[in-house]
Amino acid sequence: MNRQIAVIGGGAAGMMAAVQAARAGAGVTVYERNDRIGKKILSTGNGKCNFSNEKMEISCYHGSGQKLLPVIYDTFGVPETKRFFQDLGMRIKSVNGYLYPASGQASTVLDLFRYELARLSVDIHTGQQITHIALPDQSRKGIYIGTGKSDSMSYTYDRVILTCGGAVAPGTGSDGSGWELARQLGHRIVPVVSALTALRCKETYLKQVAGVRCDAKVILYVEGSQICQERGELQLTEYGISGIPVFQISRHAAYALREKKHTSVEISFLPEYDDCAYEQFWKERWERQSGQTMEEFLTGIVNKKINMLLLKLAGISGSETAAHVPLKARRKLQHLYRFLEVEVIKTNPPQQSQVSAGGVDCGQVDHTLASKIVPGVYFAGEILDIDGICGGYNLQWAFSSGTVAGRAAAGVQF
């Protein structure tokens, strides 16, 4: 008799787990708390669904699951993911290694999953949130799951795969409830924080440059020590800083803030210059344009709003003639263009973050993503303590881990 498998969570990892388990001959039922499956996929990649990346390295991930990546991606990596979607009919385009459906629509990915799930006769129950799991005992052979409602429903399965997402975007079903189920089963949860998110800063003057986007380098400091740095398009907001380079450092900032450590970000608005070239740039500009007002003098360096803000922070009037600016003020202005420091006081809340860091300790699962402490239970996706940087890495993890967990739960040997 084929195994009966419950997949709890109908996101990217859950849908992939269901497809792979059904293809391996299992009877599969998906339980999704929303009114439809795959809701979060529709918002990925600004609606274009950056589903993977041709540059796939362990360094692109964080968390206790890093050690699992080689074996998981050897089983089902980027080439297998591309082939999976191509076999379903999707054309793929690469933009500097970032992989998207050629249609430019995230709905393409979701639709192909829905069609395949229907073809495989996977039973999908929407509007049902599983609230408890019980293991086999003398009166029950299978793993029992239930909704816990007043009109509660309960079911028994041979295997259960938990793919209930993280704690971001509660409106899409990622509300962190999966970790409570994992706790019920005795699993350790690595502290969870927001990741791939904007940072809120103490400095109120950032309101003056809200809406500005620019190429910049950002360096994260915790208790005065440099932790990491990134370069890319920085977005300045009323409350702080955002954009991909900020997203990339945000998990580290979030953990530092959780530990109540002083956290700051140093911004360089002229990241292309080394020390020598930077000094030469300013030397030539002071010599060549010293007869201009400071507002004129700075025009063309970076966005005008940034120029005027840094002038103000340096204590220089925009109407002042460049030649009359004291050397000390000049030095302060030059320093600010390269070393503007802002204090981070919090991250954006989970509902405004792309993923969460933390989750089920990956030391408690084996290479098939089966629980080491609860027989018959598997995990996949963001519920595990592994999170990737921007660029399709988190969806690739969802597809790869979903495949491994789905096949293993169905009895495929690795």
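For clarity, every value in this text was computed on a predicted model and none was experimentally measured.

**Considerations on the packing of helix α1 (residues 12-23) against helix α4 (residues 106-119)**
Next, step 1: Following both chains from N to C, one finds α1 and α4 inclined at 30°, their axes separated by 10 Å at the closest point. When the axis of α1 is compared with that of α4, the two are roughly parallel. Crossing hand, α1 versus α4: left-handed. Note on element contacts: α4 touches α1 through L110, F113, E116 and L117, opposite M15, M16, A18, V19 and R23.
Next, step 2: The residue makeup of the contact of α1 with α4, split by class, is seven nonpolar, no polar and two charged.

**Here we look at the packing of aromatic side chains**
Next, step 1: The full count for this structure, using the stated rule, is 19 aromatic pairs.
Next, step 2: Here the aromatic rings of Y31 and Y155 are separated by 4.9 Å at their centres, their planes lie at 45°, and the arrangement is tilted. Taken together, the residues Y31 in strand β2 (residues 27-32) and Y155 in strand β10 (residues 154-157) connect sequence positions 124 residues apart.
Next, step 3: Assessed through its relative accessible area of 2%, Y31 is described here as buried.

**Looking at the state of the cysteines**
Next, step 1: According to the stated counting rule, one finds zero disulfides in the structure shown.
Next, step 2: Unpaired in terms of disulfides, C49 finds its nearest cysteine sulfur in C390, a separation of 14 Å.
Next, step 3: Taking relative accessible area as the criterion, C49 reaches 0% and is therefore assigned buried.
Next, step 4: Here C60 is not cross-linked by a disulfide; its sulfur's nearest cysteine counterpart is in C390, at 11 Å.
Next, step 5: The exposure class of C60 is buried, given its relative accessible area of 5%.

**Remarks on unusual backbone geometry**
Next, step 1: Phi is positive for C49, which is not a glycine, with a value near 60°.
Next, step 2: Among the structural elements, C49 can be located in the loop between β2 and β3 (52-53).
Next, step 3: Even without glycine at this site, S121 takes up a positive phi of about 60°.
Next, step 4: Take S121: its relative accessible area is 63%, and that puts it in the exposed class.

**Some details on the layout of surface pockets**
Next, step 1: The computed volume of the second largest pocket comes to approximately 310 Å³.
Next, step 2: Surrounding the second largest pocket, 19 residues form its lining, K55, E230, Q248, I389 and C390 being those nearest its centre.
Next, step 3: Those elements that provide at least two residues to the lining of the second largest pocket are β15 (225-236) and α6 (244-258).
Next, step 4: For the lining of the second largest pocket, the per-class residue count stands at eight nonpolar, six polar and five charged.

**Points about the pairing of strand β1 (residues 4-8)**
Next, step 1: Burial of β1 is extensive: four of the five residues sit out of reach of the surface.
Next, step 2: Pairing analysis gives five bridges linking β1 to β2, with the strands arranged parallel. Opposite A6, over in β2, you have T29 as the bridge partner.
Next, step 3: Once you follow β1 into α1 and on to β2, the crossover reads as right-handed.
Next, step 4: One ladder, built from four bridges, connects β1 with strand β11 (residues 159-162); its direction is parallel. From the neighbouring strand, I5 faces β11, where its bridge partner is R159.

**Quick word on the sheet that holds strand β8 (residues 132-134)**
Next, step 1: The three strands lie next to each other as β8-β9-β10, forming an open sheet whose pairing is antiparallel. The open sheet has two edge strands, β8 and β10, and neither has a second partner. Averaged over all pairs of adjacent strands, the angle between their axes in this sheet comes to 20°, without regard to strand direction.
Next, step 2: Summarising the sheet, β8 and strand β9 (residues 143-146) pair through three bridges and their orientation is antiparallel. Bridged to H132 within β9 is G146.

**Considering the nonpolar core**
Next, step 1: Within the largest apolar cluster, 80 residues are counted, with the highest numbers of intra-cluster contacts made by I145, L162 and L384.
Next, step 2: Those residues in contact with L162, other than ones at most four positions away along the chain, are I8, I133, L181, L185, V377, Y378, F379, A380 and I383.

Conventions adopted
Residues numbered from 1 in each chain as written. Predicted model: local features only at pLDDT ≥ 70, side-chain atom pairs only at ≥ 80, totals over all residues. Heavy atoms only, no water. Axes fitted to C-alpha atoms, helices over the stretch in contact; angles between N-to-C directions. Helix = DSSP H or I, 4+ residues; strand = E, 2+ residues; numbered from the N terminus. Parallel < 35°, antiparallel > 145°, perpendicular 65-115°, else oblique. Left-handed = near helix turned anticlockwise from the far one by under 90°. Contact = heavy atoms within 4.5 Å. Nonpolar A, V, L, I, M, F, W, Y, C, P; charged D, E, K, R; others polar. Phe/Tyr/Trp six-rings, centres within 6.5 Å; stacked < 30°, edge-to-face > 60°. Buried < 20%, exposed > 50% of the residue type's maximum accessible area, 1.4 Å probe, protein only. Disulfide = S-S within 2.5 Å. 1 Å grid on protein atoms, 1.4 Å probe; cavity = no way out; pocket = protein on both sides within 12 Å on 5 of 7 lines; lining within 4 Å. Points joined across faces, edges and corners; volume = space filled by probe spheres on them. Pairing = 2+ DSSP bridges. Right-handed = clockwise from strand over helix to strand, strands pointing away. Core = buried A, V, L, I, M, F, W, Y, C linked by side-chain atoms within 4.5 Å.

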